[in-house]
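A closer look at the structure
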Amino acid sequence: MTQTNANVSTRRATTSDAGALVGVLAEAFMGGPVADWLIPDQSDRRLVYYRYFELVLKDGLEHGHVDTTADRSAVAIWYPRSNPPEPSSGTHQEALERATGSYAPKFALLEEMFEANHPREAHHYLAYVAVDPKQQGNGVGTKLLGGYHRQLDSLSMPAYLEATNTRNRKLYQRLGYLPGPSMYLPTAGPQIWRMWRAPSGFSVPDAFFAPPLPTRQPQ
Ligand SMILES: CC(C)(COP(=O)(O)OP(=O)(O)OC[C@H]1O[C@@H](n2cnc3c(N)ncnc32)[C@H](O)[C@@H]1OP(=O)(O)O)[C@@H](O)C(=O)NCCC(=O)NCCS
């Protein structure tokens, strides 16, 4: 189904969009505090990010819900979550190591920290949202997420995400998310805000405000 909001029309992505959307994810996430923590070396970062986001998008298309725009300039990867997922499989670990090489322990630590602090209540998880850097700041991200939020509202379904900088946190607050206690990546890593969007008429569960669990140090 295509949704049209002003000049941006959105639709569900398929495998034929993968090449373009991996590029959008890799380029949009190329800067920022999490990227600096994960892969300090800039030339390694480009190579590793393209391989990593190929894995991310494949997983989203197979197991989640991926939205994009008609011109493939934006992507949002959602996962409906009703129960804690199966523990990370050996196959996932192997694929992560193949994609990220010597940076795999940091990627694994990030995934582990996100999972340990993930709310247990049923919700939809916004794992990634990215807009082509050339198109950022034009309302594309707001419109892409708005369509999905409307569907969640009609199901009285909450949403959850992790915000990786204060600018994004502001965007998410405008879209109805509330911040809970933040998490910190170890050894001077950046702050990450856990955020919950309750559907209209519902409040944020008390458990969401519990302090985050301690995170182990990178190997
Ligand atoms: C975050 C993102 C998806 C928002 O999409 P967008 O189309 O640029 O956002 P919109 O135009 O709908 O809304 C603009 C708001 O988004 C937020 N924002 C975050 N990063 C931004 C960026 N690089 N450029 C523009 N807006 C950004 C701000 O709150 C901004 O409002 P402001 O201009 O008043 O500060 C997009 O900017 C992006 O891909 N950023 C890099 C990847 C990323 O950080 N993803 C989210 C991880 S939590």
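Residues numbered from 1 in each chain as written. Predicted model: local features only at pLDDT ≥ 70, side-chain atom pairs only at ≥ 80, totals over all residues.

Another point: the site of the ligand. In the vicinity of the ligand there are 18 residues, among which Gln136, Gly137, Gly141, Thr142 and Leu171 approach most closely. Looking at which element gives the most residues to the shell around the ligand, the answer is helix 7 (residues 166–174), with four residues. Its residues assigned to classes, the shell around the ligand comprises eight nonpolar, eight polar and two charged. (Near = placed C-beta within 6 Å. Helix = DSSP H or I, 4+ residues; strand = E, 2+ residues; numbered from the N terminus. Nonpolar A, V, L, I, M, F, W, Y, C, P; charged D, E, K, R; others polar.)

Another point: the environment of Thr164. Take Thr164: it is sitting in the loop between strand 6 (159–163) and helix 7. Sequence separation between Thr164 and Arg194 is 30 residues, and the spatial gap between their C-alpha atoms is 9.1 Å. Contact partners of Thr164, with chain neighbours within four places excluded, come to Gly32, Pro33, Val34, Pro190 and Ile192. (Contact = placed C-beta atoms within 7 Å.)

Two elements in contact, helix 3 (residues 42–63) and helix 4 (residues 90–100), have axes separated by 8 Å at closest approach and are oriented at 155°. Classified by the interaxial angle, the pair formed by helix 3 and helix 4 is roughly antiparallel. Across from Val48, Arg51, Tyr52 and Leu55 in helix 3, the residues of helix 4 making contact are Ala95, Ala99 and Thr100. The class makeup of the residues in the contact of helix 3 with helix 4 is five nonpolar, one polar and one charged. (Axes fitted to C-alpha atoms, helices over the stretch in contact; angles between N-to-C directions. Parallel < 35°, antiparallel > 145°, perpendicular 65-115°, else oblique.)

The pairing of strand 3 (residues 65–69) with strand 4 (residues 74–81) spans four bridges and is antiparallel. Its bridge partner lying in strand 4, Asp67 is registered against Ala76. Taking the residues between adjacent antiparallel strands as the criterion, strand 3 and strand 4 are bridged by four residues, where Arg72 takes a positive phi near 55°. (Pairing = 2+ DSSP bridges.)

A word on the packing of helix 1 (residues 18–28) against helix 3. Contact pair helix 1 / helix 3: the axes reach a minimum separation of 9 Å and the direction vectors enclose 125°. In this view, helix 1 runs oblique relative to helix 3, as classed from their interaxial angle. At the point where helix 1 passes helix 3, the crossing takes the right-handed sense. Contacts between helix 1 and helix 3 pair Ala18, Leu21, Val22, Leu25 and Ala26 from the former with Tyr49, Tyr50, Phe53, Glu54, Val56, Leu57 and Leu61 from the latter. A per-class count over the contact of helix 1 with helix 3 returns 11 nonpolar, no polar and one charged. (Left-handed = near helix turned anticlockwise from the far one by under 90°.)

Residues apart from glycine generally show negative phi values, whereas peptide bonds are mostly found in trans. Here Arg72, not a glycine, exhibits a phi torsion of approximately 55°, which is positive. Structurally, Arg72 can be placed in the loop between strand 3 and strand 4. One non-glycine residue, Ser156, adopts positive backbone phi at about 55°. Of note, Ser156 is situated in the loop between helix 6 (140–154) and strand 6. Ser156 sits in the exposed class, given 11 other C-beta atoms within 10 Å. (Buried ≥ 20, exposed ≤ 12 C-beta atoms within 10 Å, placed from the backbone.)

A few words now on the pairing of strand 8 (residues 191–197). Counting buried residues in strand 8 gives six out of seven residues, a clear majority hidden from the surface. In this sheet, strand 8 lies alongside strand 6 in antiparallel orientation, the contact comprising five bridges. From the neighbouring strand, Glu162 faces strand 8, where its bridge partner is Arg194. Relative to strand 8, strand 7 (residues 178–184) is paired through five bridges, and the arrangement is antiparallel. Opposite Pro179, over in strand 8, you have Met195 as the bridge partner. Between the antiparallel neighbours strand 7 and strand 8 lie six residues, among them Thr187 with a positive phi of about 45°.

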